[in-house]
Amino acid sequence: MYGRDPWGGSLEINATDSATDDDRSRNLQDFDKAALSRNLDETQQSWLLGPTEQKKKKYVDLGCVIVSRKVFKWTVGCIIAAALIAGFVTLIVKTVPKHRHHNPPADNYTLALRKALMFFNAQRSGKLPKHNNVSWRGSSALQDGKSDDSTTFKNLVGGYYDAGDAIKFNFPQSFALTMLSWSVIEYPAKYEAAGELNHVKDIIKWGTDYLLKTFNSSADTIDRIVAQVGKGDTSGGPDPNDHYCWVRPEDIDYPRPVTECHSCSDLAAEMAAALASASIVFKDNKVYSQKLVHGARTLFKFGREQRGRYSSGNEAAIFYNSTSYWDEFVWGASWLYYATGNTSYLQLATTPGIAKHAGAFWGGPDYGVFSWDNKLAGSQVLLSRLRLFLSPGYPYEEILSTFHNQTSIVMCSFLPFFTSFNRTKGGLIELNHGRPQPLQYVVNAAFLATLYSDYLAAADTPGWYCGPNFYSTDVLREFAQTQIDYILGKNPRKMSYVVGFGNHYPKRVHHRGASVPKNKVKYNCKGGWKWRDSSKPNPNTLVGAMVAGPDKNDGFHDVRTNYNYTEPTLAGNAGLVAALVALSGDKSVGIDKNTIFSAVPPMFPTPPPPPAAWKP
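Residues numbered from 1 in each chain as written. Predicted model: local features only at pLDDT ≥ 70, side-chain atom pairs only at ≥ 80, totals over all residues. Heavy atoms only, no water.

What the rule picks out here adds up to 33 aromatic pairs. Between phenylalanine 175 and phenylalanine 370 the ring centres are 5.5 Å apart and the planes differ by 80 degrees, which places this aromatic pair in the edge-to-face class. Residue phenylalanine 175 is found in helix H5 (residues 170-186), and its partner phenylalanine 370 is found in the loop between helix H13 (352-357) and helix H14 (376-389); the two are separated by 195 residues along the sequence. Members of the aromatic cluster, each reached through a chain of ring pairs, are Phe175, Trp182, Trp331, Trp335, Tyr337, Tyr338, Phe370, Phe447 and Phe597. The positively charged end of arginine 124 is found above the aromatic ring belonging to tryptophan 206, 4.6 Å away from the centroid. (Phe/Tyr/Trp six-rings, centres within 6.5 Å; stacked < 30°, edge-to-face > 60°. Helix = DSSP H or I, 4+ residues; strand = E, 2+ residues; numbered from the N terminus. Lys NZ or Arg CZ within 6 Å of the ring centre and 35° of its normal.)

In structure tokens, the structure reads:
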């Protein structure tokens, strides 16, 4: 039998064991000579060494592999050293104070947005929550409703003071809430990125909770609603009231009358819009959302049945005179359609006769100016959204197409290439044609322009036509940016018209609470006049308040008694908040396309299933 010689030679193995020891010894000697005639490596040599001749082992047998002892030592040493270094580094990391990686600094629009929302905290009436975060404000007007024996509404605590006084006007307050809700519905991701989503929802709910108190919100049919709490008599009579007296809201101790109305279509429809839009904001809270929807339905029904202007024949005409209620019908019906999906509201909003009365088919100097009084431009944008994304077709297409075309015309009028509106030398568009308090109109236009730009982008439409010329959606955003930048300080006076933003802003805001110090002294009605007439800066900073604004020459007088320059309002600040959130953050984060359609059923019936397969 022959075996394989591991050293390269052949090895003969005798099959029998009959050979003698001498023979075997002689054979081995012959074998050794043959083997040793070749050079052996160290391992092979070690096999031939006797017990007393073993060399020091230079290899380590690890079972699955044999490695050099020297390499093995170096490897183990490196592993131990690496473990020690890693442990040392870990110890240092755990003991040294951590430095968080901050996100990139917020843009100016986001910074201004956070401040603009603070204004609403300063305007709150009623029992203030602990988290209100305005140190110089406290609970106030806790007897609203109770102090007037003539009203059936005894709990009217809450809501917001309108401006620099302590009157609660439901008409502009409702419009402000609708604007805030609209901005949340369109831009929830941007509010979330700014860390303000919960804050703005809290602001909206504070207002809607109050509105639900101003009529019988549990009924299906009503015959009256509250239009106003407080009195704004400007005649200078001897009786204390919320316009004549200059005191902090917390120090009011005189009766506050309640004004009810029984035929106020504009107010009812605007309140319905506020509740309906808020119901979409709070759609995840089904009980509250349905409560808001029910109240909106009741209000709108009342407004349709009891026709009239809320400001007709009362003092509201001095402060917030409503010129028509037809635009509120389109506005309120549009929001109720989105909130309920009931096509009867869409049919009403797209009725040509109502649109005609609202001024949709004629121009005029104020055509396209969106405000607390005229909601037509906002309604047209809101309904253009429906056409862009759902395209309901017949029987709505004709009027929706008209609204869409008119929205395009309004957007054209905002551009500097056209002469519908003049601009100041500093670049501010004069939407109110040089009249006082311009900024409230500018911010609304900036919001609509940015929003419509985002609508077109979401619909994969790069722009729109103004006559024969095509303009990119970027032009609309640039218009909005230039106007908001002007308000934030990029103007000839280098002044920010938002209190607390930047280093140079109005210090003498026309505002009772901000101008009277919180010094534990209760001033009487005329006692606070010294603070009204003082030339000193306000002792309390009304953070986030957008004042009325400059004049047509870019001039501004920081004088407390001149409300045409220095008074802020709820409606104005709501438009500012909407414009700021639309422009804030990443441009690529557009609108939320679908939330507003949550309650809207499919436009077209579901096709029937295919017939079953034919069988012979």
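We are not done yet, so read on.
This paragraph deals with the pairing of strand E9 (residues 469-472). Where strand E8 (residues 463-466) and E9 come together, four bridges link them in antiparallel fashion. In the sheet register, glycine 463 faces E9, and the bridge partner there is serine 472. If you look at the hairpin formed by E8 and E9, you'll find two residues sitting between the two strands, and glycine 467 has a positive phi there, around 65 degrees. (Pairing = 2+ DSSP bridges.)

This brings us to the state of the cysteines. Applying the stated criterion across every chain, the model contains three disulfides. Here cysteine 245 engages in a disulfide with cysteine 525; their sulfurs sit 1.9 Å apart. Because the torsion about its S-S bond is -95 degrees, the bridge between cysteine 245 and cysteine 525 counts as left-handed. Placement of the pair is cysteine 245 in the loop between strand E6 (225-229) and strand E7 (258-261) and cysteine 525 in the loop between helix H18 (512-515) and helix H19 (529-532), with a sequence separation of 280 residues. One exposure class covers both cysteine 245 and cysteine 525, and it is buried. Two residues, cysteine 412 and cysteine 466, share a disulfide whose sulfurs are 1.9 Å apart. (Disulfide = S-S within 2.5 Å. Buried < 20%, exposed > 50% of the residue type's maximum accessible area, 1.4 Å probe, protein only.)

So, about a nonpolar patch on the surface. A grouping of Val76, Ile80 and Leu84 is seen on the molecular surface, where their side chains present a nonpolar patch of about 270 Å² in accessible area. On the secondary structure map, isoleucine 80 appears in helix H3 (residues 69-95). Look at isoleucine 80 and you get partly exposed, because its relative accessible area is 48%. (Patch = residues over 30% accessible without salt bridge, like charges linked within 9 Å, V, L, I, M, F, W, Y side chains within 5 Å. Areas by Shrake-Rupley, 256 points an atom, 1.4 Å probe, with all protein chains shown as cover. Salt bridge = Lys/Arg side-chain N within 4 Å of Asp/Glu carboxyl O.)

Its place among the elements puts cysteine 264 in the loop between E7 and helix H8 (265-281). Each C-alpha atom, one on cysteine 264 and one on serine 312, is 8.7 Å from the other, the two residues being 48 residues apart in sequence. Once residues lying within four places of it in the same chain are set aside, the contact partners of cysteine 264 are Ile225, Phe302, Gln306, Gly308, Arg309 and Tyr310. (Contact = heavy atoms within 4.5 Å.)

Turning next to the pairing of E6. With five of its five residues buried, E6 lies for the most part within the structure. Pairing geometry for strand E5 (residues 168-169) and E6, over two bridges, is antiparallel. In the strand pairing of E6, lysine 168 is matched with valine 229. Relative to E7, E6 is paired through four bridges, and the arrangement is antiparallel. Among the inter-strand pairings, valine 226 is bridged to a residue of E7, identified as glutamate 260.

Before going further, it helps to examine the nonpolar core. Of all hydrophobic cores here, the largest spans 165 residues; its most connected members are Trp182, Ile225, Trp335, Tyr338, Phe447 and Ile484. For this core, the leading source of residues is helix H16 (residues 439-458), giving 13 residues. Among the nonpolar cores identified, the runner-up in size contains nine residues, and Ala141, Tyr161, Cys245 and Ile252 belong to it. (Core = buried A, V, L, I, M, F, W, Y, C linked by side-chain atoms within 4.5 Å.)

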